[in-house]
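# Close look at the chain arrangement
So the chains spell out like this:
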Amino acid sequence: MVSLGTRYRFLIGVLFIGLLGSCGSSTDQRGEVIPPKSVYKLPQRPEIVVAYISQLLRENDSPQLYYLRAKAYFQLRDYVHAEPDIQRALEKNPGDADYLLLSSQIKSQLGWFTQALEEAKALESSGYSSSMMHLVLCEIYLASNSKRLAASYLQKAISLGIPMSEKAYGFYLGKITRGDSLQAIQLITSNELAHRSLSQLFFTYQMPRMSQLAYQKLILSELKKYPLDPYLLRNWGRFLTQLHQYNRAEKVFKKVLTQLPANPSFLLEFGEFYVRLGNYEQAMLYLGQVPKQASIYRDVLFNQALIYLKTGQKSRSLAILDSARMQFKYDRRFIEMHDRLLGKRVDSSRVLADSTAQKSD
């Protein structure tokens, strides 16, 4: 199997062969141009790679080209376009380890953790092993609150050697798997914004802590670099909501939806946004799209019960609360709302407010 790096460097080198013809290019036995070594050391702009490969794909329906374009989209944090490209590559060459790894990474960023796990485990079962594969598995298991499994895969990644570009992220994951989540996120600085996951975490944590002017300046600067990053857009929408600029926030969230289609966490957040605005019809539309098997489904039920209560549909609210109390016995929100609806006295020493509990994102 040709390695990921070799395939990527070779094709990107072709992009610049015309510009670097004087640098000592040679030809192989078939007369094909071999780019000079200096080409491989040049940083490439993913948007140029996307444009060039798109032209090549008009004449050559190659899985390798789809893979390379998906890789470039991934670097641009444009996951919604990266995903169909990597699927086309896998349809033509389903056994390629590089393709499977990238596909799992893309699905993880989209929030499709069940599919991401299936692909990463299939890759692992084939005997393939790399630090990036183990990091992806760590990330996926953390999303499902399986810290023990996440920690084991992180250790495997460390033993194989985490790339320099992932060192800070690996340090963060180490803190998280040891239960030190607050310190983990506090240690993320603006120096790590080039990393897609650390960037998302930084802007989420810093929103209520930075001055509004400084936050706005920094996130808009990052959005110029990555205009299709759904998590930058998501935090920008949250920031606008915080400023009570609801019309602008709604437009941003609709754009996020195009970049995170079928993402359970965002569908919940968008539904809650409309609950806040009192637009219960729209809220129900998005809440209803969250799959029942999602770990955040309890939050969907809570919001639906709240909507029915606010719209005067007490019996429907009670029906949801009765069902939720059976499914999630330790979530006090359902017991408290149920008792209040029935006029029961609530023991304040026994009931803890838990409106934000159990959210995975």
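Not measured: the values here are computed from a predicted model.

In terms of helices and strands, the protein chain carries 20 helices and two strands. Across the 361 residues of the protein chain, 48% fall into the buried class. Working note: accessible area of the protein chain is about 18,700 Å², and carbon and sulfur atoms make up 53% of it.

On to the environment of valine 290. Position of valine 290 relative to the elements: it lies in the loop between helix 17 (280-287) and helix 18 (297-310). When the C-alpha atoms of valine 290 and phenylalanine 266 are compared, they prove to be 9.1 Å apart, with 24 residues separating the residues in sequence. Residue contacts for valine 290: discarding those within four places in its chain leaves Pro264, Leu267, Leu268, Ile296, Tyr297 and Val300.

Below, the discussion takes up the pattern of salt bridges. Overall, the coordinates contain 18 salt bridges when judged by the stated rule. Its salt-bridge partner being arginine 238, residue glutamate 269 comes within 2.7 Å of it at the nearest N-O pair. With glutamate 269 in helix 16 (residues 264-277) and arginine 238 in helix 14 (residues 230-242), the pair connects residues that are 31 residues apart, well separated along the chain. Each member of the pair glutamate 269 and arginine 238 is classed as buried. Linking aspartate 331 and arginine 298 is a salt bridge whose minimum nitrogen-to-oxygen distance equals 3.9 Å. In this pair, aspartate 331 is assigned in the loop between helix 19 (314-327) and helix 20 (332-341) and arginine 298 in helix 18, connecting sequence segments 33 residues apart. By relative accessible area, aspartate 331 is classed as buried at 1%. By relative accessible area, arginine 298 is classed as buried at 17%.

Moving on to the packing of aromatic side chains. In the structure shown here, the tally under the stated rule is 19 aromatic pairs. Ring centres of phenylalanine 302 and phenylalanine 334 lie 6.2 Å apart, and the angle between their planes is 70°; this geometry places the pair in the edge-to-face category. Of this pair, phenylalanine 302 sits in helix 18 while phenylalanine 334 sits in helix 20, and the two are 32 residues apart along the sequence. Linked through ring pairs, Phe253, Phe266, Phe270, Phe273, Tyr274 and Tyr286 together constitute an aromatic cluster. The side chain of arginine 196 reaches across the aromatic face of phenylalanine 74, ending 4.0 Å from its centre. Residue placement shows arginine 333 over the ring face of phenylalanine 302; its charged tip is 4.8 Å from the ring centre.

A word on the confidence of the model for the protein chain. For the protein chain, per-residue confidence averages 86 on the pLDDT scale, and 83% of positions sit at 70 or higher. Contacts of residues 14-42 to residues separated by more than four positions or lying in other chains number 33 contacts, the stretch itself having pLDDT below 50.

By size, the foremost hydrophobic cluster in this structure holds 99 residues, and its most contacted members are Ile86, Ile106, Tyr172, Leu173 and Val290. Beyond its immediate stretch of four places on either side in the chain, tyrosine 172 contacts Ala184, Ile185, Ile188, Leu198 and Leu201.

It is at 9 Å that the axes of helix 5 (residues 79-92) and helix 6 (residues 97-110) come closest, and there the two elements cross at 150°. Considering the angle they form, helix 5 stands roughly antiparallel to helix 6. For the element pair helix 5 and helix 6, the recorded crossing hand is left-handed. Listed contacts from helix 6 to Tyr79, Val80, Ala82, Glu83, Ile86, Gln87, Ala89 and Leu90 of helix 5 are Tyr99, Leu100, Leu102, Ser103, Ile106, Lys107, Gln109 and Leu110.

Okay, the packing of helix 4 (residues 63-75) against helix 6 next. Running from N to C, helix 4 and helix 6 cross one another at 35°; their axes reach a closest spacing of 11 Å. Between helix 4 and helix 6 lies a crossing whose hand is left-handed. Contact residues: helix 4 offers Pro63, Gln64, Tyr67, Ala70, Lys71 and Phe74, while helix 6 offers Asp98, Tyr99, Leu102, Gln105, Ile106 and Gln109. Of the residues in the contact of helix 4 with helix 6, the class split is seven nonpolar, three polar and two charged.

Once that is clear, we can look at unusual backbone geometry. For arginine 77, which is not a glycine, the phi torsion comes out positive at approximately 65°. Relative to the helices and strands, arginine 77 resides in the loop between helix 4 and helix 5. Unusually for a residue other than glycine, histidine 244 sits at a positive phi of about 65°. One can find histidine 244 in the loop between helix 14 and helix 15 (246-259). Its relative accessible area of 52% is what places histidine 244 among the exposed residues.

For helix 16, which comprises 14 residues, the first-to-last C-alpha distance of 20 Å matches the rise-based estimate of 20 Å (1.5 Å per residue) to within 8%. The buried fraction of helix 16 amounts to 11 of the 14 residues, a majority that puts the element mostly inside the structure. Every buried residue of helix 16 is accounted for by Pro264, Ser265, Phe266, Leu267, Leu268, Glu269, Phe270, Gly271, Phe273, Tyr274 and Val275. Among the structural elements, helix 14, helix 15, helix 17 and helix 18 are those in contact with the buried residues of helix 16. Its side-chain oxygen placed 3.1 Å from the backbone nitrogen of serine 265, asparagine 263 serves as the N-cap of helix 16. Count one or two residues on from helix 16 and you reach glycine 278, which has phi positive near 80°.

Our focus in this paragraph is the environment of arginine 325. Examined against the element boundaries, arginine 325 turns out to sit in helix 19. The class of arginine 325 is partly exposed, set by a relative accessible area of 29%. Each C-alpha atom of the pair arginine 325 and isoleucine 335 lies 6.5 Å from the other, and the pair is 10 residues apart in sequence. Of the polar contacts made by the side chain of arginine 325, one reaches the side chain of aspartate 322; its length is 3.1 Å.

The rules we used
- Sequence order sets the numbering: in each chain, residues are counted from 1 along the sequence as written.
- Per-residue local features of the predicted model are confined to residues with pLDDT of at least 70, and side-chain atom pairs are confined, for both listing and counting, to 80 or more; whole-chain, interface and lining totals are unaffected and use all residues.
- Heavy atoms from the whole structure form the basis of all side-chain values; hydrogens and water molecules are not counted.
- Only DSSP runs of H or I covering at least 4 residues are called helices, and only runs of E covering at least 2 are called strands; the numbering of each starts at the N terminus.
- Only protein chains enter the area calculation, which uses a 1.4 Å probe; residues under 20% of their type maximum are buried, those over 50% are exposed, and those in between are partly exposed.
- Shrake-Rupley sampling with a 1.4 Å probe provides the accessible areas, and residues are treated as covered by the protein chains on show and by no other component.
- Contact between two residues is taken to exist if any of their heavy atoms lie within 4.5 Å; hydrogens are not considered.
- Each salt bridge in this description consists of a side-chain nitrogen of Lys or Arg and a carboxyl oxygen of Asp or Glu lying within 4 Å of one another.
- For Phe, Tyr and Trp, rings pair up if their centres lie within 6.5 Å, where Trp contributes its six-membered ring, and each pair is then called stacked (planes under 30 degrees apart), edge-to-face (over 60) or tilted (otherwise).
- Two thresholds decide whether a charge sits over a ring: the Lys NZ or Arg CZ must be within 6 Å of the ring centre and within 35 degrees of the ring normal.
- pLDDT expresses how confident the predictor is about each individual residue, on a scale running from 0 to 100.
- Residues belong to a common nonpolar core when they are buried Ala, Val, Leu, Ile, Met, Phe, Trp, Tyr or Cys residues joined through side-chain atoms within 4.5 Å.
- Here an angle of 0 to 180 degrees is reported between the N-to-C directions of two axes, which are lines fitted to C-alpha atoms, with helices fitted over the stretch in contact.
- Should an angle lie under 35 degrees it is considered roughly parallel, over 145 roughly antiparallel, and from 65 to 115 roughly perpendicular; all remaining angles are considered oblique.
- By definition, turning the near helix anticlockwise from the far helix through less than a right angle yields a left-handed crossing, and turning it clockwise yields a right-handed one.
- Put simply, Ala, Val, Leu, Ile, Met, Phe, Trp, Tyr, Cys and Pro go in the nonpolar bin, Asp, Glu, Lys and Arg in the charged bin, and everything else, Gly too, in the polar bin.
- Every helix has an expected span of 1.5 Å times one less than the residues it contains.
- The term polar contact refers here to a pair of N or O atoms within 3.5 Å; inside protein, the definition further demands a hydrogen-donor-capable atom paired with an acceptor-capable atom, and it admits residues adjacent in sequence only when both atoms are side-chain atoms.

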